[in-house]
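# Coordinate inspection notes
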Amino acid sequence: MCGIITIDGPSASGKTSVAQRVARRLGIPYISSGLLYRAIALACLRENLPPEAIEERLPHYRLELYPTQGENRVYLNGEEVSSALHSLEVDRWVSAVARHPGVRAFVNQVLRQIPPPFVVDGRDMGRAVFPEACHKFYLTASPEVRARRRMPERGAAFETVLAEINRRDEADRQQSAPAPDAIVLDTSALELEEVVEAVLQSLAASK
Ligand code: C5P
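Residues numbered from 1 in each chain as written. Predicted model: local features only at pLDDT ≥ 70, side-chain atom pairs only at ≥ 80, totals over all residues. Heavy atoms only, no water.

## Some words on the site of the ligand
We count it as follows: Only heavy atoms are used to decide nearness, and a residue is near a molecule or strand if one of them lies within 4 Å of it. Residues adjacent in sequence count toward polar contacts only when both atoms are side-chain atoms; beyond that, a polar contact is any pair of N or O atoms within 3.5 Å, and within protein one must be able to donate a hydrogen and the other to accept it. Only the protein chains shown count as covering a residue, and every accessible area follows the Shrake-Rupley method with a 1.4 Å probe. Helix and strand labels come from DSSP, where a helix needs a run of H or I of at least four residues and a strand needs a run of E of at least two; each type is numbered from the N terminus. Only Asp, Glu, Lys and Arg are considered charged in this grouping, and only Ala, Val, Leu, Ile, Met, Phe, Trp, Tyr, Cys and Pro are considered nonpolar; every other residue, Gly among them, is considered polar.
Inspection of the region around the ligand gives 16 residues, with Arg38, Arg104, Asp124, Arg168 and Asp172 positioned closest. In this structure, an oxygen atom belonging to the ligand sits 3.2 Å away from a side-chain N or O atom of Lys15. One of the side-chain N or O atoms of Asp124 is found 2.9 Å from a nitrogen atom in the ligand. With the chains in place, 98% of the 450 Å² that the ligand exposes on its own is no longer accessible. Secondary structure elements with two or more residues in the shell around the ligand: helix H2 (34-46), helix H4 (88-98) and helix H8 (158-172). Its residues assigned to classes, the shell around the ligand comprises four nonpolar, five polar and seven charged.

## Looking at the packing of H2 against H4
Put simply, the rule reads: Angles shown run from 0 to 180 degrees and are taken between the N-to-C directions of axes, each axis being a line fitted to C-alpha atoms and, for helices, limited to the stretch in contact. Roughly parallel means an angle under 35 degrees; roughly antiparallel, over 145; roughly perpendicular, 65 to 115; everything else is oblique. Contacts between residues were defined by any pair of non-hydrogen atoms, one from each residue, lying within 4.5 Å.
Look at H2 against H4: their axes get within 8 Å of each other, and the N-to-C directions meet at 105°. In terms of their interaxial angle, H2 and H4 are classed as roughly perpendicular. Residue-level inspection shows Tyr37, Arg38, Ile40, Ala41, Leu42, Cys44 and Leu45 of H2 in contact with H4, the latter providing Glu89, Val90, Asp91, Trp93, Val94, Val97 and Ala98. When the residues that make up the contact of H2 with H4 are grouped by side-chain class, the tally is eleven nonpolar, no polar and three charged.

## Structural notes on helix H9 (residues 192-205)
Our working rule: Here the expected length of a helix is defined as 1.5 Å per residue gap, with one fewer gap than residues. For each residue, the accessible area found with a 1.4 Å probe, counting protein chains only, is set against the maximum for its type, and the residue is called buried under 20%, exposed over 50%, and partly exposed in between. Of all possible arcs, the one meant is that of the directions from the helix axis to the C-beta atoms.
Relative to the 20 Å expected for 14 residues at 1.5 Å per residue, H9 spans 20 Å between its end C-alpha atoms, a close match to the ideal helical length. Every buried residue of H9 is accounted for by Val195, Val196, Val199, Leu200, Ser202 and Leu203. What you see down the axis of H9 is that its buried residues fit within an arc of 160°, all on one side. Residues of H9 that are exposed and point over 90 degrees away from its buried face: Gln201 and Ala205. The elements touched by buried residues of H9 are strand E1 (4-8), helix H1 (15-26), strand E7 (135-140) and strand E8 (183-186).

## Observations concerning the packing of H1 against H9
The following threshold applies: Left-handed is the label given to a crossing in which the near helix is rotated counterclockwise from the far helix by less than a right angle, and right-handed is the label when the rotation is clockwise.
Orientation of H1 relative to H9, taken along the N-to-C sense of each, is 50°, at an axis distance of 9 Å. Taken together, the axes of H1 and H9 are oblique relative to one another. Like other packed secondary-structure pairs, H1 and H9 cross with a definite hand, here right-handed. Taking contact as the criterion, the partners of Ser17, Val18, Arg21, Val22, Arg25 and Leu26 in H1 are, on H9, Leu192, Glu193, Val195, Val196, Glu197, Val199, Leu200 and Leu203. A per-class count over the contact of H1 with H9 returns nine nonpolar, one polar and four charged.

## Comments concerning the sheet that holds strand E2 (residues 30-32)
Strand pairing in a sheet relies on backbone hydrogen bonds, with the paired strands running either antiparallel or parallel. Quick note on the threshold: Strand pairing is assigned whenever DSSP identifies at least 2 bridges connecting the two strands.
The parallel open sheet is built from five strands, whose spatial order is E2-E6-E1-E7-E8. Bordering the open sheet on either side are E2 and E8, each of which pairs with just one other strand. For this sheet, the mean inter-axis angle between neighbouring strands, taken without regard to orientation, is 20°. Sheet topology note: the E1/E7 ladder contains four bridges and is parallel. Each bridged residue has a counterpart across the sheet, and for Thr6 the counterpart in E7 is Lys136. Packed onto the sheet, H9 meets E1, E7 and E8 and runs at close to 155° relative to E7.

## Here we look at the nonpolar core
Note on soluble globular proteins: their nonpolar side chains tend to be buried together. In plain terms, the rule: Residue types Ala, Val, Leu, Ile, Met, Phe, Trp, Tyr and Cys, when buried and joined through side-chain atoms within 4.5 Å, form a set referred to as a nonpolar core.
In this structure, Ile40, Ile54, Leu63, Val74 and Phe130 are the most contacted members of the largest nonpolar core, which totals 38 residues. Mapped by element, the contributors of at least two residues to this core are H2, strand E3 (63-67), strand E4 (72-76), H4, helix H5 (101-112), strand E6 (118-122) and helix H6 (125-129). When residues of this core are assigned to their parent elements, the largest contribution, nine residues, is made by H2. Those residues in contact with Phe130 that sit more than four places away from it in its chain are Ile4, Thr6, Leu111, Arg112, Phe118, Val120, Met125 and Lys136. Grouped together as the second largest cluster of nonpolar side chains are 17 residues, Ile5, Ala19, Phe137 and Val195 included.

Distances and angles like these do not, on their own, reveal function.
Have a look at this one:
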């Protein structure tokens, strides 16, 4: 089997849930690249740093990601921070941090050290980080559908989550274009398991 499968898409498009399930079905690990950006955003928040100051702080950070089929564990300077990465506060901060080229290079270096095979999800995995991947997917869904899916995770009102998704779509636009050779799947009308099946069928068909 080919070693790297990329699943990109905007926030709350379901890419992490799909990547997890596809990886489990294939018996290989999955990696959620957004967690690394989130860990840097968390460091920024904890240190009260403006995002513009983040690049010069990077040499002080050691970031590790341990992938498994079921979950990713992320360590920042030796401390496990996995459970602190999905707050609305980190959501609000992360795009401004991820925009800096030095931050992107730092995260990409951590990702490229992970030995394949794996399924990786993010914004630019197929286009920029793993252009050599042999299977690339890009998931989309309307902002309203994505907000409904994300509400239970955030424990916030629909309007709050929708506004955050629209804001992040705009902020992430530059780093979010699909790879030219990605298969684009609109998941608005699909259940999670249907998306997983569509990805697995496409993988089987291209063997
Ligand atoms: O995928 P997730 O929503 O966890 O990503 C969090 C944030 O990290 C995104 O909103 C985006 O700003 C950034 N990100 C990125 N490139 C990636 C993955 C995530 O810029 N490959």
